[in-house]
Amino acid sequence: MRTYIGTHQAASPAEFEELALGFDELPAGIDRDLFRGPLAAETPQERAARLDVARVVIADLAAEGEGGDEIAAWDALYADALTRTVPFLRATRTTGRSAGTGAAA
């Protein structure tokens, strides 16, 4: 099966992500798991610690953005949006649904 974004064929998952999200590589220093959470389950203590660190990083990026760094401002918005998402793979595991059919497992 071939995957296309616009008129470009994505040859790998990384290339698909690059084409779909519009960046050449993952932003330096931005760890998505820090903001959205890992794919595996985490303890309440791990989650609280991760979110505390994420809030500090977002605040630092926002402050840099207010100081004139446009890239930091966009990174702050992106990181903040990630804190309100759940990775699809983790969501299907916790709801007991199969990723292939949508039916209960």
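Residues numbered from 1 in each chain as written. Predicted model: local features only at pLDDT ≥ 70, side-chain atom pairs only at ≥ 80, totals over all residues. Heavy atoms only, no water.

Observations concerning the overall build of the chain
Reasoning step 1: Helix and strand counts for the chain stand at five helices and two strands.
Reasoning step 2: Secondary structure elements in the chain, listed N-terminal to C-terminal, are β-β-α-α-α-α-α.
Reasoning step 3: Counting every position in the chain, which comprises 105 residues, the buried fraction comes to 19%.
Reasoning step 4: In the chain, of all internal contacts separated by at least 6 residues, the share reaching a separation of at least 24 is 30%.
Reasoning step 5: As displayed, the chain offers around 7600 Å² of accessible surface, 58% of which is attributable to carbon and sulfur atoms. (Helix = DSSP H or I, 4+ residues; strand = E, 2+ residues; numbered from the N terminus. Buried < 20%, exposed > 50% of the residue type's maximum accessible area, 1.4 Å probe, protein only. Contact = heavy atoms within 4.5 Å. Areas by Shrake-Rupley, 256 points an atom, 1.4 Å probe, with all protein chains shown as cover.)

Quick word on the packing of helix α3 (residues 44–66) against helix α4 (residues 70–82)
Reasoning step 1: The contact between α3 and α4 brings their axes to 7 Å, and the two run at 150 degrees. Taken together, the axes of α3 and α4 lie roughly antiparallel to each other. For the element pair α3 and α4, the recorded crossing hand is left-handed. Together, Ile 58, Leu 61, Ala 62, Glu 64 and Gly 65 of α3 and Ala 72, Ala 73, Asp 75, Ala 76, Ala 79 and Asp 80 of α4 make up the contact between the two elements.
Reasoning step 2: Here the contact of α3 with α4 is built from residues that sort into seven nonpolar, one polar and three charged. (Axes fitted to C-alpha atoms, helices over the stretch in contact; angles between N-to-C directions. Parallel < 35°, antiparallel > 145°, perpendicular 65-115°, else oblique. Left-handed = near helix turned anticlockwise from the far one by under 90°. Nonpolar A, V, L, I, M, F, W, Y, C, P; charged D, E, K, R; others polar.)

A word on the pattern of salt bridges
Opposite charge on two side chains lets them pair, provided their charged atoms get close.
Reasoning step 1: Enumeration over the complete set of coordinates arrives at three salt bridges.
Reasoning step 2: Across the pair Glu 42 and Arg 50 runs a salt bridge whose closest N-O atoms are separated by 2.7 Å.
Reasoning step 3: Residue classification places Glu 42 among the partly exposed positions, given a relative accessible area of 24%.
Reasoning step 4: Judged by relative accessible area, which is 12%, Arg 50 ranks as buried. (Salt bridge = Lys/Arg side-chain N within 4 Å of Asp/Glu carboxyl O.)

A short note on the nonpolar core
Reasoning step 1: Core analysis: the biggest nonpolar cluster contains six residues, these being Leu 34, Phe 35, Ala 54, Ile 58, Ala 79 and Leu 82.
Reasoning step 2: Of all the secondary-structure elements, those providing two or more residues to this core are α2 (32–36), α3 and α4. (Core = buried A, V, L, I, M, F, W, Y, C linked by side-chain atoms within 4.5 Å.)

Some words on a negative patch on the surface
Reasoning step 1: Where like charges cluster on the molecular surface, the negative patch consists of Asp 60, Glu 64, Asp 69 and Glu 70.
Reasoning step 2: Relative to the helices and strands, Asp 69 resides in the loop between α3 and α4. (Patch = residues over 30% accessible without salt bridge, like charges linked within 9 Å, V, L, I, M, F, W, Y side chains within 5 Å. Lys, Arg positive; Asp, Glu negative; His and termini not counted. Charge placed at Lys NZ, Arg CZ, Asp CG, Glu CD.)

Examining the confidence of the model for the chain
Reasoning step 1: Confidence in the prediction for the chain averages 75 pLDDT; 68% of positions are at 70 or higher.
Reasoning step 2: Least confident of the elements in the chain is helix α5 (residues 88–95), whose mean pLDDT is 56; most confident is α3, at 91.
Reasoning step 3: Across residues 101–105 the pLDDT falls below 50, and counting only partners more than four positions away or on other chains, this stretch makes six contacts in the model. (pLDDT = per-residue confidence, 0-100.)

Topic: α3
Reasoning step 1: The end-to-end C-alpha separation of α3 is 33 Å, in line with the 33 Å expected for 23 residues at 1.5 Å each.
Reasoning step 2: Taken together, the buried positions of α3 are occupied by Arg 50, Leu 51, Ala 54, Ile 58, Leu 61 and Gly 65.
Reasoning step 3: If you follow the buried residues of α3, they end up packed against α2 and α4.
Reasoning step 4: Positive phi shows up at Gly 68, right after α3, with a value of about 115 degrees. (Expected span 1.5 Å × (residues − 1).)

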